[in-house]
Amino acid sequence: MSHDGVGPRAVMRSVAFLTAGVLAVPALAGCSEKDPAGKPTAGQEIAPAERGRIADGGTLRWAVDALPETLNAFQADADAATSKVAGAVLPSMYRLDANGRPQRNPDYLESAKVVDREPRQVVLYKLNQQAVWSDGREIGAADFAAQWRALSGKDTAYWTARNAGYDRIEKIERGANDLEVRVTFSKPYADWQSLFSPLYPKDVMGTPDAFNDGARRKLKVTAGPFALDTVDKDSGEVRLKRNPRWWGRPAKLSELVLRAVPRDKRTAALADGKVDLAEIDSTEAHRITLAARDKGKGNGAPLAHGPGAALTPGKSLRSWAVAHGSDEEAADEEILARKKRGKAVAKYADEQSSLRGFEVRKSLEPAFTQLALNGQEGPLADERVRRAVARALDRDELARVVLRPLGLPAEPVGSHLALSGQQAYADNSGALGGQDTKEAQALLADAGWVSGGAVKEEQKEKKAAGAGASKEPAGSEASESSGTPADSDAAEGSDSDEGSGSSEDSGSSGSSSSSDGSDSSTTSGSSDSSDSSSSSDSSDSSGDDGTYIVGEDGKPGDDKPGENRAPALLVPAPLAELQRVALLDQAYVLGVHGQAEKAKKAKKQKAGKKQRTGKKQQAETEKQRKKDGPGTSGKVEKNLAHEGRSQFQHGGAPGAYAPKGTAAPGRAAAGPLAKNGKPLTLRFVLPSGPGSQSLRAVGERIARMLERIGIRTEISKVADESYFKDHIASGQYDLALYSWPASAFPATDARPIYSKPVPAADGSLNVEQNYTRVGTDQVDQLFDQAIAELDPGESRSLVRKADARIWAAAGSIPLYQRPQLTAARTNLANAGAFGFQTPLYEDMGFLKKGAKPQASSAP
């Protein structure tokens, strides 16, 4: 992720990021109460301190995901590390303040303004007379002109990522003196402040060879508070040193080192003292918080968390007994296990002790997570279905799932084009409407999706296939229900979804796998299952393998459920013994609970004898349960079969067995939807990596929300490496979750994301970065008008209108602003969770002994 607001602007929209911090950029600012932009949802947390409190010297080691592939921010493979380097060593005419709004950078620019609008727009830059390159040459018009020619798109020999803005320039010339640069535009350009940030020397931009290869691994000439020292691939470090020719406030640090540390190894790197500043995930943040809490207990105190926390006195005693017992084989195994556990506990304790020197600084990234709906084909090509999906979502709940456990403001995002506090922000979600189950169901009905048709069609197909239908091999991947509890990240604030029954599926028709073979598939709302071992308990020997419909009475020609019954629901044929036992246990618990409720009611209404009878019956049931044991096939199973007929006639445990004619459970009343005999099932692709827990928790929550309106989802979990390239960019999904950075210049940067796809010369569809494939001519026209409008207020109004149209099209649904968690040494100042602000590299440093930071604007 980048906060610089410089390098990534050239490529920020070419990469979407899905998990904890992969790429981002800037955005936000102070505003009046009437301003629809509002204020930032969360402030930055960087331990601010005056420069006088910061010691001179020292080395800051900052963790990055990987060494930059290029130091040229305008090439396609530039990344967050590229942006950090560019921000520290190169000029930037504008940078973003704590509210994300562009501010003139006085170190390079005395003034910049539009001096002519007719017949052409002309911007006059007046440069700081002290601004020089590290070779002593003044920064001037020649550098501006070289960058324009390289990025204009007219010379294809330059391998540029994109040329937005530069392609509108007609000419660049020297002004009244060497410190003035006049830029004349061929077309009006509202986002002219986005240009020349960063600015490279003419030595880099002057020729295609220098541009393409000269700045990938080195920058001989720079002009920032730091200069590039070395790029060492072997040690995985980029080392920056103070620039002796820097004319601004001198850098407090003597060195700034960017060290490549994979995200899953950052806790160890922090504990080992290899890095001082690192973006982390929620699990690592929790460990650091626990370390700070345990600080006052002393180093010898046992920890109540970590690998030894689950070892109770009873377990410890048993472990000792086994290790010293007569069974030599068991003793040897236990001794080995105790040694491993001891080492793990000691290592964890040492790491926790070291982590006490760090703290977690948190804010919200200048980026938001969205639900993308692929509208190219299938059910989501119908705008009514997309709108129904959107109206089924409780966006407030989804924001709470991710942000509330972290102590961050849990507010849903109301715009595709800006975030709260940015100049272009306004909550336009009303153009689509909030969560409304009835409205969602009405939209689906209007689109022709009705309840019940699909299950009938499925049964016919199964009967036609006959008993000889092939089954998945025993080793096939198991599919898990999206109704299972969400990941630990979502534990707080979650609610129970009664009735979203699930059954394990071995190779169901709903499951799918990716080309890399790493998918595990999850189906929500579907109960079709085939068991690898056939059961002889089924009373129906037809070709459907015993599958039947709960709620059907089995009469020939009767396609409707009984008059007083819930709609039909497809449930599995007899399962294997393990599943059968689990269902019997579940039915037992429900049966006892039902009897207890019955006894309560009898007490209120009649009292006396019936009450005593109810208690006696319950006691007898419990006695019999203890006698037979859970899951036995004797008397308990017989009693449960009787209870299934008496107690569960009009509802019951979702997915449990029931004879033909039994009504479906109440929560499943909507039933799966179908159109022309085909069920409404959407493939929901999610990343499977260890850093994607919260994303998967949100995805599973969304699946349950859609199930309530009759939409099935097949959740496919794919490898992080293939998630974006092989699924999102290629359109191999129906639903997906990923994030976009929010730009301070949405008229320029957001257009490729939301513009209407057009056919390419080879017949393919040119989508640019619009991976939902949903766009309209009206949105394109509003972007074109906004980018050409030189009145800032009118341009923002046009951007907001475009956003309202994007909401109405329902191609993507913004959910929440991404959390930003950073581990920082407690004595490190002016660094941490930057939020929307461009870091001030010259002000970063370590506090003097005894000095304390100022109060932070933490969320």
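A quick note: this is a predicted structure, and the numbers were derived from the prediction, not measured.

Thresholds, definitions, all that
- Residues numbered from 1 in each chain as written.
- Predicted model: local features only at pLDDT ≥ 70, side-chain atom pairs only at ≥ 80, totals over all residues.
- Heavy atoms only, no water.
- pLDDT = per-residue confidence, 0-100.
- Contact = heavy atoms within 4.5 Å.
- Helix = DSSP H or I, 4+ residues; strand = E, 2+ residues; numbered from the N terminus.
- Axes fitted to C-alpha atoms, helices over the stretch in contact; angles between N-to-C directions.
- Parallel < 35°, antiparallel > 145°, perpendicular 65-115°, else oblique.
- Nonpolar A, V, L, I, M, F, W, Y, C, P; charged D, E, K, R; others polar.
- Buried < 20%, exposed > 50% of the residue type's maximum accessible area, 1.4 Å probe, protein only.
- Pairing = 2+ DSSP bridges.
- Core = buried A, V, L, I, M, F, W, Y, C linked by side-chain atoms within 4.5 Å.
- Arc of directions from axis to C-beta.

I tried to follow the confidence of the model for the chain on my own but got confused; where do I start?
Parts of the prediction with low pLDDT should not have their coordinates interpreted in detail. The predicted model of the chain averages 78 in pLDDT, with 69% of residues at 70 or higher. In the predicted structure, residues 606-615 sits below a pLDDT of 50 and forms two contacts with residues beyond four places in sequence or in another chain. Low confidence marks residues 625-669, where pLDDT is under 50. Its contacts with residues over four positions away, or in another chain, come to 80 contacts.

Looking at this structure, I do not really get the side chain of Asn212. What am I missing?
Here Asn212 shows up in helix α4 (residues 208-214). Every residue in contact with Asn212, bar those within four places of it in the chain, is listed here: Gln75, Ala157, Tyr158 and Trp159.

It is not clear to me how the packing of helix α6 (residues 282-293) against helix α8 (residues 328-355) should be interpreted in this structure. Could you clarify?
The description of two helices packed together rests on the angle between their axes and the distance between the axes. Two elements in contact, α6 and α8, have axes separated by 8 Å at closest approach and are oriented at 80°. In terms of orientation, α6 and α8 fall into the roughly perpendicular class. Here α6 contributes Arg287, Ile288, Leu290 and Ala291 to the contact with α8, which in turn contributes Tyr348, Glu351, Gln352 and Leu355. Looking at side-chain class alone, the contact of α6 with α8 contains five nonpolar, one polar and two charged residues.

For this particular structure, what's the right way to read the pairing of strand β23 (residues 735-741)?
Two faces make up the sheet, and in a regular strand the side chains alternate between them. With seven of seven residues buried, β23 lies mostly within the body of the structure. Burial along β23 is two-sided: the residues Leu735, Leu737, Ser739 and Pro741 and Ala736, Tyr738 and Trp740 are all buried. Both strand β12 (residues 358-373) and β23 contribute to a ladder of seven bridges, which runs antiparallel. Bridge assignment links Leu371 to a residue of β23, and that residue is Leu737. Summarising the sheet, strand β21 (residues 681-687) and β23 pair through two bridges and their orientation is parallel. Following the sheet pairing, Val685 is matched in β23 by Ala736.

Please explain the nonpolar core as it appears in this structure.
Core analysis: the biggest nonpolar cluster contains 168 residues, and Tyr125, Phe196, Leu371, Ile702, Leu737 and Leu815 have the highest contact counts within it. When near neighbours in sequence (up to four residues on either side) are disregarded, Leu737 contacts Gln370, Leu371, Phe684, Val685, Leu686, Leu695, Val698, Gly699, Ile702, Tyr723 and Leu815.

What is the right way to look at helix α11 (residues 437-446) in this model?
It helps to recall that an α-helix has 3.6 residues per turn; residues three or four apart then point in one direction. Within the sequence span of α11, burial applies to Ala440, Leu443 and Leu444. Viewed end-on, α11 has its buried residues packed into an arc of 100°, placing them on one side of the element. With respect to the buried face of α11, the exposed residues turned more than 90 degrees away are Lys438 and Asp446. The elements touched by buried residues of α11 are α9 (383-392) and β19 (673-675).

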